[in-house]
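The chain contents come next:
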Amino acid sequence: MSSHSRRLSFTTPIFISFAGIILCFVIIATLVTIIQRNDIIRDYHSINRNFTHNLAVNYTESILHENDYILGRAATYLARNDELNRIVNINPEQGLQSMMQLLSMMPTVSSLSIADTEGHYLRAPQAVERQNSPVFNATTRPWFVHQGDVGIFSRYTQPYTDFFTQQQTVTLAKPVISTDGKLRGTLAFHFDLAAMSHTLRQMRPPVQGEFFVVNRQGLALLHPDSGKLFQPVVSEQLLGSMTAGEGEVFDKATRTWYYYYSFSNPDWFVIYKVTGHTLSVLAQHESIIISWGFALAGLIIITFGLYLRHASRGILMNIINAIKTGDTKRAPGLEVMLHKAIETNKEREQAYVRQATVDSLTGCKNRWAFDTDITALMNARQSFALALVDIDNFKSINDTWGHLSGDIVLRSVAREGIAILQAHGLSLYRYGGEEFAVIFPAEHVAESAALLELWRMNVANRTWREEGLHVTFSAGLGEWHMETLDHLVSSVDEALYRAKRQGKNRIERTSET
């Protein structure tokens, strides 16, 4: 082709232009796909962290807190009037009955032990030493508190072999200290870790993975598979990299993500383990639609490019014929419209967001929503009142009428509260187990007690399908005076248990209200 022909050619610029468009399209499509894939994986990281947080706070911590609270109350009782000596040495038969009553309140505890400072002990249920077996010495057991180890806080032992059952266990122990500061002995709860792990089998993680609770040595203490209890499931080196309160670490050797939440007492970790391959497959599955969309758009661009090349030649021939014949009436319109076929209508999809803020059983907001809302009020330094509500004798309801009836009671009590609170623009939160929470902003603080009382009366006067079933609740109420959240919850919780001690089915205010 001569130089004049090349200058008159219009197909070459069209071809170069569309080649540039296709090249830019491919680059943009690749970058968008990579960015979207990274965003999807980041979203899964957030979802998995939330699951780990809820597993730690709503399940593990609630069980530990409940047992620690009962242990503290029991130790306080034993410290009074030389009660420990009476139970262990003076009247052990009556003491054993009292211990069995205490044990019945704790489904996650297999047995409990009381020992004085000289090693005289009492165990419930009572264990008979086997013939030709070593003599049991309470002072050598890991849970025994010696004079030099005395402190006011409870402590958790490392896993050890129980003398009587010859099974691995972990014990929560607390020194019994009299009001004059003298060590009277030790009270210990021996955990049934297999029973505590049973609930984990019913949990469904957001993505395929393994979740469990380990100690600092990486031994599994709670695991859906009871066969893995006390087995090493995480290396100590990896645990050493978990320095924050919660977060995630990546093990390059196994290409696995570990999402964790750490406790200080006990020194345990709640861990959710997800392989990197699992996240990659999920991200690839969700981005495949985008990839096919870009491929289809590319085909459309190429098709329109070929059509424009063909149509432009026809237009040029028609113009030449019009010039030759002078027939301008038949000349085509010269306004050539180039349709840009690349139009991205697909917005980035988020397949998963933060876990729902509503508790599926009761219809209340969940603990995560409570933490978010109360933190927002405290950060804004807006005054409010907090109420904690606990259904009276809920364990007895479960034991007598079954867990299905217990769930019905939870839903019904929640609905009574929601019906009253929603009319005033207030929310009801499921704080944990059979416990609920209500946050009263400044404009509702004055009527908070009246609303709680109306709710309490509606529940107390409710007729139930089960014969003989009567449901009530006790509540603690207190206003925020710029103290920390832990201090506020502790004072309201103390008011709640004061209501329990004064006969239940009542509402008590904090001393600071």
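The numbers attached to residues start from 1 for each chain and follow its sequence in the written order. Only residues with pLDDT of at least 70 get local features here, since the model is predicted, and only at 80 or more are side-chain atom pairs given and counted; chain-wide, interface and lining totals rely on the full set of residues. Side-chain figures throughout are based on the complete set of non-hydrogen atoms in the structure, without hydrogens or water.

A few points about the nonpolar core
Right, so step 1: Put simply, a nonpolar core is a bunch of buried Ala, Val, Leu, Ile, Met, Phe, Trp, Tyr and Cys residues held in one set by side-chain atoms that sit within 4.5 Å of each other. Exposure classes here rest on a 1.4 Å probe applied to the protein chains alone. A residue is buried below 20% of its type maximum, exposed above 50%, and partly exposed in between. Leu112, Ile114, Leu187, Phe189, Phe191, Leu193 and Trp268 are the most contacted members of the largest nonpolar core, which totals 55 residues.
Right, so step 2: Ranked by residue count, the leading element in this core is helix H2 (residues 11–79), at 16 residues.
Right, so step 3: Membership of the second largest hydrophobic core comes to 30 residues, among which are Ile420, Val438, Phe440 and Trp464. A run of H or I in DSSP counts as a helix once it spans at least four residues, and a run of E counts as a strand once it spans at least two, with each numbered from the N terminus.

Observations regarding empty space enclosed by the protein
Right, so step 1: Only protein atoms enter the calculation, which uses a 1 Å grid: trapped sets of points that fit a 1.4 Å probe without letting it out are cavities, open sets showing protein on both sides within 12 Å along at least five of seven lines are pockets, and any residue with an atom within 4 Å of a point is a lining residue. Grid points are joined across faces, edges and corners, and a volume is the space filled by probe spheres set on the points. What the rule picks out here adds up to four cavities of 30 Å³ or more.
Right, so step 2: Looking at the largest cavity, its volume works out to about 50 Å³.
Right, so step 3: Every residue lining the largest cavity is listed: Ser113, Arg123, Phe136, Arg141, Trp143, Tyr160, Asp162, Phe163, Phe164 and His190.
Right, so step 4: Along the lines of polarity and charge, the residues of the lining of the largest cavity split into five nonpolar, two polar and three charged. Classification convention: Asp, Glu, Lys, Arg as charged; Ala, Val, Leu, Ile, Met, Phe, Trp, Tyr, Cys, Pro as nonpolar; all other residues, Gly among them, as polar.

What to know about the environment of His146
Right, so step 1: Position of His146 among the secondary structure elements: in the loop between strand E2 (121–124) and strand E3 (155–156).
Right, so step 2: Linking His146 and Thr186, residues 40 residues apart in sequence, is a C-alpha distance of 8.8 Å.

Some details on the environment of Gly181
Right, so step 1: Mapped onto the fold, Gly181 is located in the loop between strand E6 (171–177) and strand E7 (183–191).
Right, so step 2: Residue classification places Gly181 among the exposed residues on the basis of a relative accessible area of 53%.
Right, so step 3: The sequence separation of Gly181 and Ala79 amounts to 102 residues, and the corresponding C-alpha distance is 9.8 Å.

Brief notes about unusual backbone geometry
Right, so step 1: The peptide bond linking Ala124 to Pro125 adopts the cis configuration, its omega dihedral lying at -5 degrees.
Right, so step 2: Cis geometry marks the peptide bond from Asn265 to Pro266, where omega comes out at 10 degrees.
Right, so step 3: Tracing the backbone shows Pro266 in the loop between strand E11 (256–262) and strand E12 (268–275).
Right, so step 4: Positive phi, close to 65 degrees, is recorded for Lys504, a residue that is not glycine.
Right, so step 5: Even without glycine at this site, Asn505 takes up a positive phi of about 55 degrees.

Digging into the packing of aromatic side chains
Right, so step 1: Under the pairing criterion, centres of Phe, Tyr and Trp rings, with the six-membered ring standing for Trp, must be within 6.5 Å; the plane angle then separates stacked pairs below 30 degrees from edge-to-face pairs above 60, leaving the rest tilted. Within the structure shown, the criterion is met by 19 aromatic pairs.
Right, so step 2: Relative to Trp480, the ring of Phe384 lies with its centre 5.2 Å away and its plane at 25 degrees, an arrangement referred to as stacked. Of this pair, Phe384 sits in strand E13 (residues 384–391) while Trp480 sits in the loop between strand E16 (473–479) and helix H12 (485–501); the two residues are 96 residues apart in sequence, bridging distant segments of the chain. Across the pair, exposure class does not vary: Phe384 and Trp480 are buried alike.
Right, so step 3: Site record: aromatic cluster; members linked through ring pairs are Phe51, Phe211, Tyr259 and Tyr272.
Right, so step 4: In this scheme, the term charge over a ring applies when either NZ of a lysine or CZ of an arginine sits within 6 Å of the ring centre and within 35 degrees of the ring normal. We note Arg367 situated over the ring of Tyr431; from NZ or CZ to the ring centre the distance is 4.1 Å.

Re helix H3 (residues 83–90)
Right, so step 1: Within H3 the residues assigned to the buried category are Glu83, Leu84, Ile87 and Val88. Projected down its long axis, H3 carries its buried residues within an arc of 115 degrees, all on one side. It is the directions from the helix axis to the C-beta atoms whose arc is reported.

A short note on the sheet that holds strand E9 (residues 220–222)
Right, so step 1: Between any two strands, pairing holds if DSSP finds at least two bridges. Taken in spatial order, the five strands line up as E9-E8-E12-E11-E10 in an open sheet, and their pairing is antiparallel. Single-partner strands in this sheet number two, and they are E9 and strand E10 (246–251). Here the strands of the sheet are splayed against their neighbours by 35 degrees on average, with no regard to which way each runs.
Right, so step 2: Sheet topology note: the strand E8 (residues 210–215)/E9 ladder contains two bridges and is antiparallel. Each bridged residue has a counterpart across the sheet, and for Val213 the counterpart in E9 is Leu222. To define axes, lines are fitted to C-alpha atoms, for helices over the stretch in contact only, and angles between the resulting N-to-C directions are given on a 0 to 180 degree scale.

Comments concerning the confidence of the model for the protein chain
Right, so step 1: A score from 0 to 100, pLDDT tells how confident the predictor is in each residue. When pLDDT is averaged across the protein chain, the result is 84; 87% of the residues are at 70 or more.
Right, so step 2: By definition, residues are in contact when any of their heavy atoms lie within 4.5 Å. Ignoring residues within four places in sequence, the model shows residues 331–354, a span with pLDDT below 50, making 29 contacts including any to other chains.

Side note on the pattern of salt bridges
Right, so step 1: The salt bridge definition used is simple: a Lys or Arg side-chain nitrogen within 4 Å of an Asp or Glu carboxyl oxygen. If you walk through the whole model with that rule in mind, you get 17 salt bridges.
Right, so step 2: Across the pair Asp399 and Lys395 runs a salt bridge whose closest N-O atoms are separated by 2.9 Å. On the criterion of helical spacing, the pair formed by Asp399 and Lys395 is a turn pair, its members being four residues apart in helix H9 (residues 394–401).
Right, so step 3: Its relative accessible area of 34% is what places Lys395 among the partly exposed residues.

Looking at the packing of helix H10 (residues 403–422) against helix H11 (residues 448–460)
Right, so step 1: For the pair H10 and H11, interaxial distance at closest approach is 9 Å and the crossing angle is 140 degrees. Considering the angle they form, H10 stands oblique to H11. By crossing handedness, the relation of H10 to H11 is classed as right-handed. Listed contacts from H11 to Val413, Glu416, Gly417 and Ile420 of H10 are Leu451, Leu454, Trp455, Asn458 and Val459.
Right, so step 2: Of the residues that constitute the contact of H10 with H11, the class distribution is six nonpolar, two polar and one charged. In what follows, roughly perpendicular refers to angles from 65 to 115 degrees, roughly parallel to angles under 35, roughly antiparallel to angles over 145, and oblique to any angle outside these ranges. The sense of a crossing depends on the near helix, which, turned anticlockwise from the far helix by less than a right angle, makes the crossing left-handed and, turned clockwise, makes it right-handed.

Focus on the sheet that holds E7
For sheets, the rule is that strands pair by backbone hydrogen bonds, running either parallel or antiparallel.
Right, so step 1: Reading across from one edge, E2-E1-E7-E6-E3 is the order of the five strands in this open sheet, with antiparallel pairing throughout. Edge strands, defined here as strands with exactly one partner in the open sheet, are E2 and E3.
Right, so step 2: Across seven bridges, E6 lies against E7 in antiparallel orientation. Within the sheet, the bridge partner assigned to Leu172 lies in E7 and is Phe189.
Right, so step 3: In the packing of H3 onto the sheet, the strands contacted are strand E1 (109–116), E2, E6 and E7, and the crossing angle to E1 comes to about 100 degrees.
Right, so step 4: In the packing of helix H4 (residues 92–103) onto the sheet, the strands contacted are E1, E2 and E7, and the crossing angle to E2 comes to about 45 degrees.

Notes on a nonpolar patch on the surface
Right, so step 1: Patches draw on residues past 30% relative accessible area with no salt bridge. Two like charges within 9 Å are joined, as are two nonpolar side chains (Val, Leu, Ile, Met, Phe, Trp, Tyr) within 5 Å. For the accessible areas, the method is Shrake-Rupley and the probe is 1.4 Å, while residue cover comes only from the protein chains on display. On the surface, Leu296, Leu299, Ile300, Phe304 and Tyr307 cluster together to form a nonpolar patch covering roughly 510 Å² of accessible area.
Right, so step 2: If you trace the backbone, Ile300 turns up in helix H7 (residues 276–325).
Right, so step 3: Looking at Ile300, the relative accessible area reads 32%, which means it is partly exposed.

Notes on the side chain of Asp493
Right, so step 1: Relative to the helices and strands, Asp493 is located in helix H12.
Right, so step 2: Positive: Lys, Arg. Negative: Asp, Glu. His and the chain ends are not part of the count. One buried charged residue, Asp493, forms no salt bridge at all, with the nearest opposite charge on Arg501 at 9.0 Å.
Right, so step 3: For Asp493, the residues in contact, after removing those within four places along its chain, are His65, Leu388 and Glu435.

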